[in-house]
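A structural walkthrough
Spelled out from the first residue to the last, the chains are:
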Amino acid sequence: MSLNQLVDSRDVRFVVFEMLDIDKLKRFERFAEFDRSMYEDTLNLAEKIAVNQFYTSNADGDKIGLKFNTATGEVTVPDSFHKAFQAFTEAGFHNLMFPPDEGGMGLPVTISFASEEYFNAGNTALSMYCSSITGTAHLIINNGSAALKKMFLPKMIAGEWGGTMCLTEPGAGTDVGALKTKAMRQSDGTYLISGQKIFISNGEQDITENIIHPVLARIEGDPAGTKGISIFIVPKYLVNEDGSLGKRNDMICSGIEHKMGLKGNATSTLNFGDNGKCVGYLLGKECQGMKIMFQLMNEARIYTGIQAQSVSSAAYLHAVTYARNRIQGAHITQMLNDSAPKVAIIEHPDVKRMLLYMKSTVEGMRMLTLYLAYNQDIMLSSADAEELKETKAVIEILTPIVKAGISDAAWLVTAEAIQVYGGYGYCQEYPVEQYARDSKVFSIYEGTNAIQSLDLQMRKILMDPNHYNYSILKKRIAETLKAAKGIVDDKYITPVDRGMAKLDEVINMMSSQMQEGKFMALVLNATPLQQAMFPLVLAWLHLWSLTITIPKMKAFLGDAKGEARQKLVSENNEAAYYGGRVLSSQFFIGSEYPKYFGKMECIMGNEGAAIKAVSDNFTGALKE
Amino acid sequence: MNIIACVKQVPDTEAQIKVKADGSGIEEGQIKWIMNPYDEYGVEEALRLKEKNGGDVTIVSLGPARAMETIRTALAMGADKGVHVCDPALDNADAYVTAAALAAVIKGLPHDIIFCGQRAVDDDSGQVGPILAELLGIPQLTIVTKTEYAANTIKAIRPIEGAQLLIETSLPCVVTAQKGLNEPRYASLPGIMKAKKKPVDVKNAAALGIDTQAKAKVAKFIPPPARAAGKIICGDDPAQKATEVARLLREEAKVI
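Residues numbered from 1 in each chain as written. Chains lettered and ligands numbered in written order. Predicted model: local features only at pLDDT ≥ 70, side-chain atom pairs only at ≥ 80, totals over all residues. Heavy atoms only, no water.

Comments concerning the overall build of chain A
Using the following cut-off: The helix and strand labels rest on DSSP assignments: H or I over at least four residues marks a helix, E over at least two residues marks a strand, and numbering proceeds from the N terminus. The globule rule used for comparison is 2.2 Å times the number of residues to the exponent 0.38, while the radius of gyration itself is calculated over C-alpha atoms. Working definition: with a 1.4 Å probe on protein chains only, accessible area under 20% of the residue-type maximum means buried, over 50% means exposed, and in between means partly exposed. Residues count as neighbours in contact if any of their non-hydrogen atoms are within 4.5 Å of one another. To be clear on the numbers: accessible area is Shrake-Rupley with a 1.4 Å probe, and residue cover counts the displayed protein chains and nothing else.
Across its full length, chain A holds 19 helices and 14 strands. For 624 residues, the compact-globule formula gives about 25 Å, and the C-alpha radius of gyration of chain A, at 25 Å, lands near that figure. For chain A, the spread of C-alpha atoms along the principal axes amounts to about 80 × 60 × 60 Å. Here chain A holds 624 residues, and 58% of them are scored as buried. For chain A, the share of sequence-separated contacts (at least 6 apart) that also reach a separation of at least 24 residues comes to 75%. With an accessible surface of roughly 25900 Å², chain A has 55% of that area assigned to carbon and sulfur atoms.

And the structure:
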């Protein structure tokens, strides 16, 4: 655990060991053997590889970028990516949470997410190649026949073959059911795949010798829409009986996108079966494609939240170090004194405000993703039906908030980092503008945030029988409110309590709108609801953390004030940490979260302008 | 082959070192501890030798309880077992006592080759490896950047000013590793798991039968003086300013 430019390692420890108290997972047999030192060693190793190999190759992805060979359809990644990828897979991070009998480590999802933050903060474009193995292999582990597992898993577990996830087509983006890729049954049980997929992350690269594509396609004659979709495993190179690399499959990368950010990751157009010979292997049963792919899509949504959190973390820590070292202007209380010494900009109140906004948001993101991970660990381990039901509800309702809430916030946090750097932040010579560009896609891919919001509002809340998911979220928040009494000042408890009452009001209103068939009014409030629930959830988590950090802070600082307090904070890292964590939570609940009530007012207002507005009202723009 | 690698736990090179108010040592509470980087080259070299020739690698370390983390790190990289010399009486061990403790352990183990870092980055004495070789009565190849092994002999390159020495000796011997010898591997997750189950023998001074009395005593730890404020030379005439710089360098700084 060192100081580094990517992740506040002390804060990761706080969330994992003090807030979530991961030792409690020992009650499950699969985690009984693990202890804190095992987790520490894992996190330390992730930090070391991320700092030494990922962070050092991040600018290469952006500035050197990818080379696409139009003749061969091959993509070359920057040299530095190879070594970093190798360090990642040799250490075994792609297998971290797989069960030991599949060749994995069987570590908790919580530790996996915490490790991923380091890698994605270091180089998120590269991390995607790494995690593509995990996602695709996991799909095969859960759904593949013995034959498919034997054909693909050993090399994927060894980190030698990469993966992808092929859904999108030119005419089928958000509307997956409109896809045109076809599959034809062959007498040997395989299928011939033909069609084109676009925007495929990790779609082509020269890091791994083979790439295993899970591809959605419709078997000829199957029904239209999502219910007629099947899923196939389509390798770039076919695999021989003995597991070695066979001949090239009839699929090729016909181009890569030139993007605003994430330039080190190949967003590929893939042509399957241009010569009618692309072999695919059915995964699961026919017409189960969407159901199976949903596993990977869900994982990808959560992973997107982690990416967004990680890039925000790196942007925030860079901004702090810059603000500590950039001398500009005298302190504002000395502004009329010409001979006053110039100070580091971190002394300026507005810069401190920006940094506290970033700190409290990043720490909130971290608590949210790790809390979700912790619940996944319980879901994958518990035998208690009631516990499983509750845990599933928490995961269901928080998943769209993790994806959409964190990705929206990442764009704002990385923009704030540029602001702290001033003009230099806007220049490519400094690293923060890359973080902003890299982060923008997180609100778009893996299901746009509008889709996430509809998922949250409709599927996860309003259409959920008896609003069970929502009731469990409320129960968890109520537990925190109760625990906070007597430890945390009411000033920070009451707003969260009041926010819950407000949310009840809004959900009741939406339920009535649904019964009354006011569908347009309802869906117009999907995104506002998601954007309000994100700060509410973060305020809850900050309140939870205050119940731990306040007693700790008091133990270090007592009632010390002014210079005496400053002395304690500067001499003791732990005092500085807990003191800072308390201020961060207070800032969030006191200064950031109250905007929630304005958002809720907007929802309750049910402004109908967007329903009435028609295309012709948007005057001033060209027709085409 | 029986290969030994000696390691020391030292403060992270990034750590901010604070000297205790009474000058008796450094504040340890807030320090992150790591394996001495030069020892890491030694461990890597030991593992490569094992991978080439077979045999096993034993890690030996002297230090307080926390030094066990560093032994585990080396085991997670691939070493087979460890010996931890842990005794409060050895907390202020100097280079001689440290080497004596390591020698006492190693005498009881079969050893064909012993790797040490060429020095530790905390006290920078560079003496433990050489004293260890003397106490064991075997040859030493110090500050080595390249090695080549044959049956029962080793050739090594040692950089000296403006040239390189090629030295050859018979085994057993002590080799002290210099930066450039290799690029140490990362531990792996399976390695970390296996390391938990690898045996580490903990020994105290009495068990080793060594005299814990240090031959050198650290009188006081003194932090380096705080950097004095710089001086800005004002004026409009560059020639005049240059003359002033020259004068200050000569008369005040006395460097020219």
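Notes on the sheet that holds strand S8 (residues 146-150) of chain B
Residues and elements named next belong to chain B. Rules: Note on pairing: DSSP must find at least two bridges between two strands before they are called paired. To get an axis, fit a line to the C-alpha atoms, keeping to the stretch in contact for a helix; angles then go from 0 to 180 degrees between the N-to-C directions.
Strands sit in the order S8-S9-S10 across an open sheet of 3 strands; the sheet is antiparallel. The sheet is open, and its two edges are formed by S8 and strand S10 (163-170), each paired on a single side. Here the average twist between neighbouring strands, direction ignored, is 20°. By the bridge criterion, 5 bridges tie S8 to strand S9 (residues 153-160) in an arrangement that is antiparallel. Counterpart to Thr-147 in the pairing with S9 is Ala-156.

A word on the state of the cysteines
In a disulfide, the sulfur atoms of two cysteines are covalently bonded to one another. This is how the line gets drawn: For the purposes of this analysis, a disulfide is any pair of cysteine sulfur atoms at a distance within 2.5 Å.
All chains considered together, the criterion is met by 0 disulfides over all chains. Free cysteine Cys173(B): the closest other cysteine sulfur is in Cys116(B), separated by 11 Å.

Regarding helix H3 (residues 95-107) of chain B
All names here are of chain B. The criterion, for reference: Expected helix span is given by 1.5 Å per residue-to-residue step, counting one fewer step than there are residues.
Helix length check: H3 (13 residues) gives 18 Å between terminal C-alpha atoms against 18 Å at 1.5 Å per residue, within 8%. For H3, a buried count of 10 out of 13 residues is recorded, marking the element as mostly surrounded by other parts of the structure. Those residues of H3 lying buried are Ala-95, Val-97, Thr-98, Ala-99, Ala-100, Ala-101, Leu-102, Ala-103, Val-105 and Ile-106. Looking at the packing, one finds that the buried side of H3 touches strand S1 (2-7), strand S4 (56-62), strand S5 (81-85), strand S6 (113-117), helix H4 (128-136) and helix H6 (205-208).

Some points on the nonpolar core
Selection criterion: For this analysis, a nonpolar core means a set of buried residues of the types Ala, Val, Leu, Ile, Met, Phe, Trp, Tyr and Cys, connected via side-chain atoms within 4.5 Å.
Membership of the largest hydrophobic core comes to 237 residues, with the highest contact counts inside it found for Phe93(A), Phe152(A), Leu368(A), Leu398(A), Ile59(B) and Ile113(B). It is helix H7 (residues 289-325) of chain A that provides the largest number of residues to this core, a total of 19 residues. Aside from chain neighbours lying at most four places away, what touches Ile59(B) is Ala5(B), Val7(B), Val43(B), Ile71(B), Ala74(B), Leu75(B), Ala79(B), Lys81(B), Gly82(B) and Val83(B). Formed by 26 residues, the second largest nonpolar core is a distinct cluster that contains Leu102(B), Ile131(B), Leu132(B) and Ile210(B).

With respect to the sheet that holds S4(B)
Residue and element names in this part refer to chain B. Strand order in the open sheet made by the 7 strands is S7-S11-S6-S1-S4-S5-S12, with parallel pairing throughout. Both outer strands of the open sheet, strand S7 (140-144) and strand S12 (200-203), are each paired with one neighbouring strand and no more. For this sheet, the mean inter-axis angle between neighbouring strands, taken without regard to orientation, is 20°. Relative to S5, S4 is paired through 5 bridges, and the arrangement is parallel. Note that in S5 the partner of Thr-58 across the bridge is Lys-81.

Quick look at the environment of Ala483(A)
Along the chain, the position of Ala483(A) falls in helix H12 (residues 468-484). It is 8.0 Å that separates the C-alpha atoms of Ala483(A) and Trp544(A), two residues lying 61 residues apart in sequence.

Considerations on the packing of aromatic side chains
All names here are of chain A. As a reminder, the rule being used: Here a Phe, Tyr or Trp ring, Trp counted by its six-membered ring, pairs with any other such ring whose centre lies within 6.5 Å, and the pair is stacked when the planes are under 30 degrees apart, edge-to-face when over 60, and tilted otherwise.
Applying the stated criterion across every chain yields a total of 25 aromatic pairs over all chains. Here the aromatic rings of Phe-31 and Phe-34 are separated by 6.3 Å at their centres, their planes lie at 40°, and the arrangement is tilted. A relative accessible area of 0% means that Phe-31 is categorised as buried. With a relative accessible area of 8%, Phe-34 lands in the buried category.

A word on the interface of chain A and chain B
In plain terms, the rule: Simply put, the buried area is the total loss of 1.4 Å probe accessible area from both parts when two parts are fitted together. For salt bridges, the criterion is a side-chain nitrogen of Lys or Arg within 4 Å of an Asp or Glu carboxyl oxygen. In this classification, Asp, Glu, Lys and Arg are treated as charged, Ala, Val, Leu, Ile, Met, Phe, Trp, Tyr, Cys and Pro as nonpolar, and every other residue, Gly included, as polar.
Taken together, the 28 residues of chain A in the interface contact 15 residues of chain B. In total, about 1700 Å² of surface goes out of reach between chain A and chain B, with carbon and sulfur atoms giving 56% of it. The largest per-residue losses of area from chain A upon contact with chain B belong to Met38(A), Leu45(A) and Met105(A), which jointly make up 28% of the total buried on that side. With a shortest N-O distance of 3.5 Å, Lys196(B) and Asp41(A) are connected by a salt bridge. Looking at the side of chain A that touches chain B, the element that brings in the most residues is helix H2 (residues 36-54) of chain A, giving 9 residues. The residue makeup of the side of chain A that touches chain B, split by class, is 11 nonpolar, 9 polar and 8 charged.

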